[in-house]
2 protein chains.
Amino acid sequence: MLDQIDKELLKLLQKDCKQTNKALSNALGLSVTAVYERIRKLENNGIISNYVAILDKKKVDKSFAAFCHVKLVQHSQDYVMKFEREVRNLDEVLECYHISGDYDYLLKVLVEDMEAFREFMVKKLTKIDHIGSTHSMFMISEVKCTTAITL
Amino acid sequence: MLDQIDKELLKLLQKDCKQTNKALSNALGLSVTAVYERIRKLENNGIISNYVAILDKKKVDKSFAAFCHVKLVQHSQDYVMKFEREVRNLDEVLECYHISGDYDYLLKVLVEDMEAFREFMVKKLTKIDHIGSTHSMFMISEVKCTTAITL
DNA sequence: TAATATATAGATTATTTTTCTATTATTTAT
DNA sequence: ATAAATAATAGAAAAATAATCTATATATTA
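Residues numbered from 1 in each chain as written. Chains lettered and ligands numbered in written order. Predicted model: local features only at pLDDT ≥ 70, side-chain atom pairs only at ≥ 80, totals over all residues. Heavy atoms only, no water.

Here we take up the protein's contact with DNA strand D. Taken together, Leu-30, Ser-31, Thr-33, Ala-34, Arg-38 and Lys-41 of chain A together with Thr-20, Asn-21, Thr-33 and Tyr-36 of chain B make up the full set of residues adjacent to DNA strand D. Considering the 4 Å shell around the protein, atoms of DNA strand D inside it are sugar or phosphate in 70% of instances. At 2.4 Å from a phosphate oxygen of DNA strand D is found a main-chain nitrogen or oxygen belonging to Ser-31 of chain A. Within the side chain of Lys-41 of chain A, one N or O atom sits 2.5 Å away from a phosphate oxygen of DNA strand D. (Near = heavy atom within 4 Å. Polar contact = N/O pair within 3.5 Å; in protein donor to acceptor, adjacent residues only side chain to side chain.)

Now the structure itself:
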């Protein structure tokens, strides 16, 4: 489905999606139209889901990251649905996964500082019903953070 | 530093960075030039760090996510530096954070399936020197996954 | 309040994307 | 193997967009 050229193209677009088709065509050794058609196809079949601007966390004063484990008191369909819906609406939560192990969920939370995190926990996360327990870990430093999937 | 218009603009660009300046100008009630100049400034001062294509994990057959805790045997500058350098070079590791708590690091690993994960652990991660212990959790489902920071 | 700096709008130019047509590869069926 | 059909590519033309420039308005500071 994806040939080697597509993979190379996706690698380039995952690094910088604003480079011109001309630049991409040079890098790939294709014509501009060939690149254009390949991108259009990748967009249409949903392999490329969207194009986004990535911000510098420090420069926008959101450099405090926490990872929160959450356990629900019960796992009824109802409680699960409600929790997931509410978590999706929390701006501070960038990622949330249902995971295996001692806890049910792992959340990646991004705020300005510890005080903001405390506020988030007290006023938002633990206000969600049916949360049994939580356990948080704090980011000391970021070693790697990319969105690029290697194909 | 960032006024309300900038924040609104960044929100739009974090959702879709390929919309035209015309579309942005309509949404913001500004002229195309005003939008253009604001974006240029946000790029130049590094608030926008880059523009990337986001791929559909399932469609590129990388829907198995794992979160690995890693503890080093020692925390000498040397071991730490070496571990971090090697982890950065692993394509399967999209994110790696030095964190507080029982373990030293939390890694987000993305591969095709459990077998690929096993391979990753045996052949790559645990091949890195000075790793004391690891503990992995597996994603059962993705509740939320965004790159957009709310300002 | 005047002087300076900053932000905006509208018009123009340069680039880029998109469309179109023709040609070349690749696949499929006979 | 070969002809027919399909898909991919290239180059040229048209349409859309980005980038630049000049002038005007708005805000800041001395």
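What follows picks up the thread again.
Each partner contributes to the interface: chain A provides 58 residues, whereas chain B provides 58 residues. Interface area, chain A with chain B, both sides summed: about 5700 Å², of which 61% is carbon and sulfur. Broken down residue by residue, the surface that chain A buries against chain B is led by Leu-55, Val-143 and Lys-144 of chain A, which jointly contribute 13%. In this structure, the salt-bridge partner of Glu-95 of chain B is Lys-108 of chain A, at a minimum N-O distance of 2.7 Å. In this assembly, chain A and chain B are joined by 39 residue pairs in polar contact (both at pLDDT 80 or more). (Contact = heavy atoms within 4.5 Å. Buried area = accessible area lost by both parts, 1.4 Å probe. Salt bridge = Lys/Arg side-chain N within 4 Å of Asp/Glu carboxyl O.)

Another aspect to go through is the protein's contact with DNA strand C. Every residue close to DNA strand C is listed here: Thr-20, Asn-21, Thr-33 and Tyr-36 of chain A together with Leu-30, Ser-31, Thr-33, Ala-34, Arg-38 and Lys-41 of chain B. Here, DNA strand C places atoms within 4 Å of the protein, and 70% of those atoms are sugar or phosphate. In this structure, Thr-33 of chain B approaches DNA strand C through a side-chain N or O atom, which is 3.0 Å from a base oxygen. One of the side-chain N or O atoms of Arg-38 of chain B is found 2.8 Å from a phosphate oxygen in DNA strand C. Secondary structure elements with two or more residues in the surface near DNA strand C: α3 (32–44) of chain A together with α3 (32–44) of chain B. When residues of the surface near DNA strand C are assigned to their parent elements, the largest contribution, 4 residues, is made by α3 of chain B. In the surface near DNA strand C, the residues fall into 3 nonpolar, 5 polar and 2 charged. (Helix = DSSP H or I, 4+ residues; strand = E, 2+ residues; numbered from the N terminus. Nonpolar A, V, L, I, M, F, W, Y, C, P; charged D, E, K, R; others polar.)

Note that all results are geometric; they support no functional claim without further evidence.
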